[in-house]
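Observations on the model geometry
Letter by letter, the chains look like this.
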Amino acid sequence: MFHFCRTTVRPKRTTVGFGLIRRIMQLQVPHARLPVRYCSANLRTFDTMLSARRAEARRSILVQVSSERSYNELYQYCSQFGTIESSHHYRVEGDTDGDCHYILLEYSTADQADAAMQSGVFSTERPGVRARSIFLWFRTGPKPKLIAQEHPNPRTLALVDGTKAIEDRELNGLLSAAECIDDQVRILHRVTKLNDLGKRLRFLAVRQLESSLQGMFPQAVARPFGSSVNGFGRMGCDLDVILDLDSRSGEPPDRNSRLVYHTKAMNPNERTQVQRQLESIGDVLQLFLPGVNSVRRILKARVPIVKYHHEHLDLEIDLTMNNTAGVYMSELLYLFGQLDERVRPLTFCVRRWAQSVGLTNHTPGYWITNFSLTMLVMYFLQQLAHPILPSINKLIQLSSSATHANPITPITRFGEGEADWAYAFLKNPTIYGAFRSDNPSTLEQLLVQFFEFYSQFDFNQRAISLNLGTTILKPDHSPMYIVNPLETVLNVSKNVNLEEMELFRMQVRNALWLLETHGKEASDTQQQQQQQQQQQIDACWGLVSLFGPKQQERITPQMFFTKRMLNVKDIFDEEPTANEPTQYRNPAVKNQIAAIQRATKAELHKLGGGSSRGGALDVRTSSSMEGTGVKLKRNTKRR
């Protein structure tokens, strides 16, 4: 068992460039001692966050420009429709025509954004389906006469190239320039998490989907879920959307109205109905919506989905219907992230580590997913001596006690049945302040304890339950069993096979060793050459030693298969020539091989001498000596 929690502060490094140090100073947090009780400063509920993001998308338009240098002219032109509150630039890499540049403009009101959108015209140079949308392009040419009086001080761009993810080399430089592992974890979270522009673009895609269908389905609502909204999304993550064509179906109708809409009869098989609806919606997306391409319909899956790419947003989108569990799970993870400020940075660190060592993959398969890793982190934080997160049952109890004191108004549910318990506390705003942790551990200590916890965990006999906050006996023989908090009869990690589970256990032990050996300051040396070598080794410390490029060479799945010490053919071949001697690492193996060769030759000699056709057999024997003894034995048996 490993017991080490290093809190030594590393000295500042002088070999880092000034630009890198300036960026570090902007990202680092003060080193003051944190209070005993932790809670995130931002206590917005999940519904409040969604409403704010939808309102931002409602006030925004997206304009394609030649480059970010077109911003001043675009600002002067678009200011005639209203006050521009913020503007963001990003770039999408192109193939042959070069990169495409876009600027997102947010107005102060939705009416101003509508006025800007309705002022657009259709191009006669680009034939296609004429569909009005929030995606426009700013054409060149003489300045139109409608340009308002130029603003002396236009609002500057909030972001330039805002969707570009940080490169690994730059990230390692930032991490190496930090002063301690605790700062490294915080820096990793801040520079890799989904930024404000990324969230704005994803809600623009949601708005386009809703507005394109609300003409026929006025109650249609697109609900984003997954990493884009639960607070654990990173730069470049996909967007998951649930489409609800009748979001107000549970409301009672107006009894005073005597006019009733005619409706289309539905298929009695709900799954078949969803498949047919998604197939038709996929056709609408592919044929009529600007920017949508590469539409793929995966209708035979357990959860039918439609996948497509949005070229203007550079975004992969997965669209499904009636998957209420995804919304509940997103809200639950969002709640966990809001209960303590250390939850999300620690989860980002574990996910990045798993990606660097090859535990996760962006394609589905038999390996651990990011969602399973997140569940492992949440459960670990429940198991501490002073828990940082409570069990789900504890949250329900806290919500019930708070509800009696301050009853909440009913909110439309996303689903029925087994998910009713989620409505009991997820929609209660007071639950965000009902639990506080008194655990004073730093992120560095939590990271080490996470690896130590799962290096000793009994995956063979025990299953993880976030609802109970403890382990239970495994219901089946799955290598890793994590109970689905929403549907407790399902296993979140059912896809993980035995080899990947064993690889996970080896990697957490390897991570412990790396943090121990690469987390301490080495002793000073007097010779200059030794000092230079030590500086190169010391640059790879902390998280850099976990995420570095050499991690792939440490432990790989191929290590589960023992390589042959030599080929079978070498046992029966003639003695090697003096120019190419056979090298043996183990003298005992060399003696065993020599004995096998002598015994085999003696048996072949007896076999050849006992035949009535000795000459012919000698020829065959000599020829078979070049190959394997198995072939000669089979030929002799046939004779």
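Our subject is the structure listed above.
Let me sum up the structure you'll find in this document. (Residues numbered from 1 in each chain as written. Predicted model: local features only at pLDDT ≥ 70, side-chain atom pairs only at ≥ 80, totals over all residues. Heavy atoms only, no water.)

**Quick notes on the sheet that holds strand 1 (residues 60-65)**
Read across the sheet, four strands follow the order 2-3-1-4 without closing on themselves; strand pairing throughout is mixed. The outermost strands of the open sheet, each flanked by one partner alone, are strand 2 (84-92) and strand 4 (135-137). Averaged over all adjacent pairs, the angle separating strand axes in this sheet is 25 degrees, with direction ignored. Of the pairings in the sheet, the one linking strand 1 to strand 4 comprises three bridges and is parallel in character. For Q64, the partnering residue across the bridge sits in strand 4 and is W137. The sheet contacts of helix 3 (residues 71-78) involve strand 1, strand 2 and strand 3 (100-107), and relative to strand 3 the element is tilted by about 35 degrees. (Pairing = 2+ DSSP bridges. Helix = DSSP H or I, 4+ residues; strand = E, 2+ residues; numbered from the N terminus. Axes fitted to C-alpha atoms, helices over the stretch in contact; angles between N-to-C directions. Contact = heavy atoms within 4.5 Å.)

**Quick look at the packing of helix 2 (residues 46-58) against helix 9 (residues 324-339)**
Relative orientation of the contacting elements helix 2 and helix 9 amounts to 105 degrees, with a least axis distance of 10 Å. Taken as axis vectors, helix 2 and helix 9 run roughly perpendicular relative to one another. Across from F46, D47 and M49 in helix 2, the residues of helix 9 making contact are S330, E331 and Y334. Tallied by class, the residues present in the contact of helix 2 with helix 9 amount to three nonpolar, one polar and two charged. (Parallel < 35°, antiparallel > 145°, perpendicular 65-115°, else oblique. Nonpolar A, V, L, I, M, F, W, Y, C, P; charged D, E, K, R; others polar.)

**Remarks on the pattern of salt bridges**
If you walk through the whole model with that rule in mind, you get 21 salt bridges. Between D340 and R342 there is a salt bridge, and its shortest N-O distance comes to 2.9 Å. We note that D340, like R342, is buried. Across the salt bridge formed by E502 and R505, the nearest N and O atoms sit 3.9 Å from each other. One end of the pair, E502, and the other, R505, are both in helix 15 (residues 498-517), three residues apart, so they sit about a helical turn from each other. Given a relative accessible area of 14%, R505 falls into the buried group. What you see here is one network of salt bridges that share partners, running through R53, E56, R59, E106, D196 and R200. (Salt bridge = Lys/Arg side-chain N within 4 Å of Asp/Glu carboxyl O. Buried < 20%, exposed > 50% of the residue type's maximum accessible area, 1.4 Å probe, protein only.)

**Focus: the environment of I472**
Structurally, I472 can be placed in strand 11 (residues 470-473). For the pair I472 and R462, spaced ten residues apart in sequence, the C-alpha to C-alpha distance is 5.5 Å. When residues no more than four places from it in sequence are discounted, the contact partners of I472 are Q461, R462, A463 and V483.

**Description of the environment of S227**
Mapped onto the elements, S227 comes out in the loop between strand 5 (221-225) and strand 6 (239-244). Judged by its relative accessible area of 22%, S227 falls in the partly exposed class. Through-space distance from the C-alpha of S227 to that of S330 is 7.5 Å; in sequence the pair is 103 residues apart. Ignoring any residue separated from it by four or fewer positions in sequence, one finds S227 in contact with F232, G233, C237 and D238.

**Considerations on helix 11 (residues 370-382)**
With 13 residues, helix 11 should cover 18 Å at 1.5 Å per step; its first-to-last C-alpha distance of 19 Å lies within 8% of that length. With respect to burial, helix 11 is a largely interior element, eleven of its 13 residues being buried. (Expected span 1.5 Å × (residues − 1).)

**Quick word on the sheet that holds strand 7 (residues 292-298)**
Strands sit in the order 5-6-9-8-7 across an open sheet of five strands; the sheet is mixed. Strands with a single pairing partner mark the edges of an open sheet, and in this sheet they are strand 5 and strand 7. Looking at each pair of strands side by side, their axes are set apart by 25 degrees on average, direction ignored. Where strand 7 and strand 8 (residues 305-310) come together, five bridges link them in antiparallel fashion. By the bridge assignment, V292 is partnered in strand 8 with H310. Helix 9 rests against strand 5 and strand 6 of the sheet, and its axis sits at about 50 degrees to strand 5.

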